[in-house]
Amino acid sequence: MSLLDENKRLEQADKQYIWHPFTQMKEWIEDVPIIITEGKDCFIKDIYGKWYIDGVSSLWVNIFGHRKKELDDTLKAQVDKISHSTLLGLSNVPAIEYAEKLINLIQKLYSKDKSKNNLPDKKLLSKVFYSDNGSTSVEVALKMAFQYWQHKGAIEKTAFVSLKNAYHGDTIGAVSVGGIDIFHKTFEPLLFKTYKAPSPYCYRCELDLKYPSCNLSCASKLEEIFYKYSSNIAAFIIEPLVQAAGGMIVSPPGYLKAVYDLCKKYNILMIADEIATGFGRTGKMFACEHENVLPDIMCLSKGITGGYMPLAVTLSTEEIYDAFLGDFKDLKTFFHGHSYTGNPLACAIAIKVLDLFDKEKVLKNVIDNVEILELWLNEIEKFNHVGNVRNCGMMAGVELVRDKKTKEPYAWEEKMGWKVVLKAREKGVFLRPLGNVIVIMPPLTITGQNLRQMLKVISEAILDVCKD
Ligand SMILES: *Cc1c(COP(=O)(O)O)cnc(C)c1O
């Protein structure tokens with residue numbers, strides 16, 4: 001078979017056999033799929049040999065680019081030892097070493113500010129519970145928080161609080177605390193009840209206030225819920241600083257710290273979902289560091305293996321962990337676990353990722369890139385159909401609007417985000433929008449030159465598509 005025939009066959013077979021996530025398959029099968037065969041640094045290559053800049057880090061997971069030699073070598077070396085065993089009744093070397101390394105890192109990051117926090121050691125994150133994807137790490141967090149209060153005798157603390165525009169994953173528990181109607185509404189009859197507080201979305205503030213004079217009224221609304229229902233609330237879950245899938249919504253300075261203080265005040269556990277923000281995306285290793293916030297439970301995935309292997313962790317404080325200790329017959333055990341928990345290949349890579357952060361001064365590169373990004377954001381903010389630009393480190397969103405003055409959005413059926421993204425693809429930049437928001441989230445180690453090239457293409461695509 002000729003190469004061209006083989007490519008056609010693959011396209012046909014994709015349509016015949018694969019049901020793609022978050023995809024209207026009727027549209028997909030009418031189109032020609034881009035099929036990726038190879039990657040190098042911040043680029044991915046399709047079967048026809050066309051290279052694209054990977055503008056969304058292969059869905060927000062990639063940090064060091066593709067085929068990073070150190071990570072490739074680590075994976076190969078671990079394959080020669082063992083690819084998988086289990087953490088149910090056994091342990092394994094990479095899982096132990098990663099847990100130790102991660103907890104030490106987090107405690108070190110926070111020890112700098114420990115005097116300010118003034119927290120006893122029992123309140124520091126100190127245990128690692130492994131799973132294999134972000135949604136699952138959120139399920140673990142929710143069940144952990146729920147069962148913690150059962151063990152503490154506060155059996156009426158069974159409800160959760162989350163934010164509008166929140167995204168915590170696609171499993172049913174994670175959807176229950178989600179706040180994006182377009183994704184979540186259908187499943188409503190299946191979900192457990194959660195209290196929803198306003199999203200800290202300054203550009204479209206539902207309280208209709210003007211930042212900065214608002215004094216964080218969205219946090220005050222959260223306090224109203226806490227005040228009324230705290231005796232029933234197990235935990236508050238939040239994506240710290242950036243509601244990513246909700247449209248790269250960046251919370252105003254002080255918001256995270258304010259809601260953290262409220263959790264303390266009302267005796268409510270705080271779950272930080274750092275699945276998107278973790279591992280350097282915001283310019284610090286974890287977003288919580290920016291406002292010196294120490295959650296009771298933290299979820300990490302996506303960047304954890306630099307985009308190499310599925311892995312997730314749910315971190316808990318010693319205090320939560322301790323509540324589950326007891327005699328076997330007490331049934332205080334945390335009855336939860338997955339087949340691929342603590343997978344040695346994934347853990348070996350995760351260890352190397354932390355080494356590389358150290359060795360390659362990744363966060364320094366982020367600072368340089370953020371400067372380029374922010375200059376560009378300031379430029380395109382002047383475009384007629386760019387309503388709002390926002391970023392936190394290397395997570396950025398450009399919100400397209402029909403009318404800049406009134407902030408009237410484009411109707412979602414118009415798919416303006418998609419149109420811009422398709423245009424950018426023609427010019428060799430792969431992106432995926434969130435509705436009318438163009439998401440910019442390249443690998444953290446992208447060179448300044450490639451970043452500029454990518455941003456230039458996006459400018460051209462926006463100007464091309466959003467005419468009057
Ligand atoms: C992606 C994401 C999840 C879900 O992770 P999956 O690995 O896709 O299940 C949860 N929370 C946040 C903030 C995310 O960005």
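Nothing here was measured: the structure is a model prediction, and the numbers come from that model.

### Some words on the overall build of the chain
On a plain count of helices and strands, the chain comes out with 16 helices and 17 strands. In summary, the chain has a C-alpha radius of gyration of 22 Å against a globular reference of 23 Å for 468 residues, a match within 12%. Seen along its three principal axes, the alpha-carbon backbone of the chain occupies a region of about 65 × 60 × 45 Å. Across the 468 residues of the chain, 53% fall into the buried class. A fraction of 71% describes how many contacts in the chain between residues 6 or more apart in sequence connect residues 24 or more apart.

### As for the sheet that holds strand S5 (residues 159-163)
With mixed pairing, the 7 strands of this open sheet are ordered in space as S4-S12-S11-S10-S7-S5-S6. Every other strand in the sheet has two partners, leaving strand S4 (125-131) and strand S6 (194-197) as the edge strands with one partner each. Strand-to-strand twist in this sheet, taken as the mean axis angle between neighbours without regard to direction, amounts to 20°. As defined by bridge partners, S5 adjoins strand S7 (residues 233-238) across 3 bridges and the pair is classed as parallel. The residue of S7 that forms the bridge with Phe160 is Ala235. On the sheet, helix H7 (residues 134-151) packs against S4, S5, S7, strand S10 (269-273), strand S11 (297-300) and strand S12 (312-317) and is oriented at approximately 25° with respect to S12.

### Looking at the packing of helix H5 (residues 93-111) against helix H13 (residues 344-359)
Two elements in contact, H5 and H13, have axes separated by 8 Å at closest approach and are oriented at 35°. Note on packing geometry: the crossing formed by H5 with H13 is left-handed. Of the residues in H13, those touching H5 at Pro94, Ala95, Glu97, Tyr98, Lys101, Leu102 and Leu105 are Pro344, Cys347, Ala348, Ala350, Ile351, Leu354 and Asp355. When its residues are assigned to classes, the contact of H5 with H13 shows 11 nonpolar, no polar and 3 charged.

### Looking at the site of the ligand
Near the ligand, the surroundings consist of Trp60, Asn133, Gly134, Ser135, Tyr167, His168, Gly169, Glu239, Asp273, Ile275, Ala276 and Lys302. Backbone polar atom of Tyr167 to a nitrogen atom of the ligand: 3.5 Å apart, as the coordinates give it. Between Lys302 and the ligand, the recorded distance is 2.6 Å, taken from a side-chain N or O atom to an oxygen atom. Taking 380 Å² as the accessible area of the ligand by itself, protein coverage stands at 83%. Residue composition of the shell around the ligand, grouped by class: 4 nonpolar, 5 polar and 3 charged.

### Some thoughts on the domain arrangement of the chain
By the assigned domains, the chain splits into domain 1 (34-64 + 361-465) and domain 2 (77-359). With centres defined by C-alpha atoms, the gap from domain 1 to domain 2 works out at 27 Å. Each partner contributes to the interface: domain 1 provides 32 residues, whereas domain 2 provides 30 residues. Here domain 1 packs against domain 2, burying approximately 2700 Å² in sum over the two surfaces, 64% of which is carbon and sulfur. Looking only at domain 1, the three residues that lose the most surface to domain 2 are Trp60, Met395 and Lys407, adding up to 23% of its buried area. Applying the counting criterion to the domain 1 and domain 2 interface returns 1 salt bridge. Between the two partners, domain 1 and domain 2, sit 12 residue pairs in polar contact (both at pLDDT 80 or more). Those elements giving two or more residues to the side of domain 1 that touches domain 2 turn out to be helix H3 (57-60), helix H14 (362-380), strand S13 (386-392), strand S14 (395-403) and strand S17 (437-440).

### A few points about the pairing of S17
Burial along S17 is two-sided: the residues Val437 and Val439 and Ile438 and Ile440 are all buried. Two strands pair when backbone bridges link them, and S14 and S17 are joined in this way by 4 bridges, in the antiparallel orientation. When the bridges of S17 are listed, Glu399 appears paired with Val437.

### Considerations on the packing of H14 against helix H16 (residues 448-465)
Helix-helix packing: each pair is described by the crossing angle between the helix axes and the interaxial distance. At their nearest, the axes of H14 and H16 sit 10 Å apart, and the two run at 15° to each other. As judged from the angle between their axes, H14 and H16 are roughly parallel. As H14 packs across H16, the resulting crossing turns out to be right-handed. Side by side, H14 and H16 meet where Asn369, Ile372, Leu373, Trp376 and Ile380 of the first sit next to Gly448, Leu451, Arg452, Leu455, Ile458, Ser459 and Ile462 of the second. Per-class residue counts for the contact of H14 with H16 are 8 nonpolar, 3 polar and 1 charged.

Thresholds applied
- Starting from 1, residues in each chain are numbered consecutively following that chain's sequence as written.
- Where local features are concerned, this predicted model is filtered to residues with pLDDT of at least 70; where side-chain atom pairs are given and counted, the filter is 80 or more; whole-chain, interface and lining totals use all residues.
- As a rule here, side-chain values cover all heavy atoms of the structure and leave hydrogens and water aside.
- Comment: elements are numbered from the N terminus, with helices defined as DSSP H or I runs of at least four residues and strands as E runs of at least two.
- Only C-alpha atoms enter the radius of gyration; for comparison, a globular chain is expected to reach 2.2 Å times N to the power 0.38, where N is the number of residues.
- Exposure classes here rest on a 1.4 Å probe applied to the protein chains alone. A residue is buried below 20% of its type maximum, exposed above 50%, and partly exposed in between.
- The criterion used for residue contact is that any of the two residues' heavy atoms lie within 4.5 Å.
- In this analysis, strands are considered paired if DSSP registers two or more bridges between them.
- Every axis corresponds to a line fitted to the C-alpha atoms, with the helix fit spanning only the stretch in contact, and the corresponding angles, defined between N-to-C directions, vary from 0 to 180 degrees.
- Here is the rule for handedness: rotate from the far helix to the near one, and if that takes an anticlockwise turn smaller than a right angle the crossing is left-handed, while a clockwise turn gives right-handed.
- Here the nonpolar group is Ala, Val, Leu, Ile, Met, Phe, Trp, Tyr, Cys and Pro; Asp, Glu, Lys and Arg are the charged ones; every other residue, Gly included, is treated as polar.
- Near, as used in this document, describes a residue that has one of its heavy atoms within 4 Å of the molecule or strand being considered.
- Polar contact is defined as a pair of N or O atoms within 3.5 Å, subject to the rule that within protein one atom must be able to donate a hydrogen and the other to accept it, and that residues adjacent in sequence are counted only when both atoms are side-chain atoms.
- Using the Shrake-Rupley algorithm and a 1.4 Å probe, accessible areas are obtained, with residue cover drawn only from the displayed protein chains.
- Reported domain spans reflect what an automatic or database domain assignment gives.
- Simply put, the buried area is the total loss of 1.4 Å probe accessible area from both parts when two parts are fitted together.
- For salt bridges, the criterion is a side-chain nitrogen of Lys or Arg within 4 Å of an Asp or Glu carboxyl oxygen.
- To sort the angles, those under 35 degrees are grouped as roughly parallel, those over 145 as roughly antiparallel, those from 65 to 115 as roughly perpendicular, and the leftovers as oblique.

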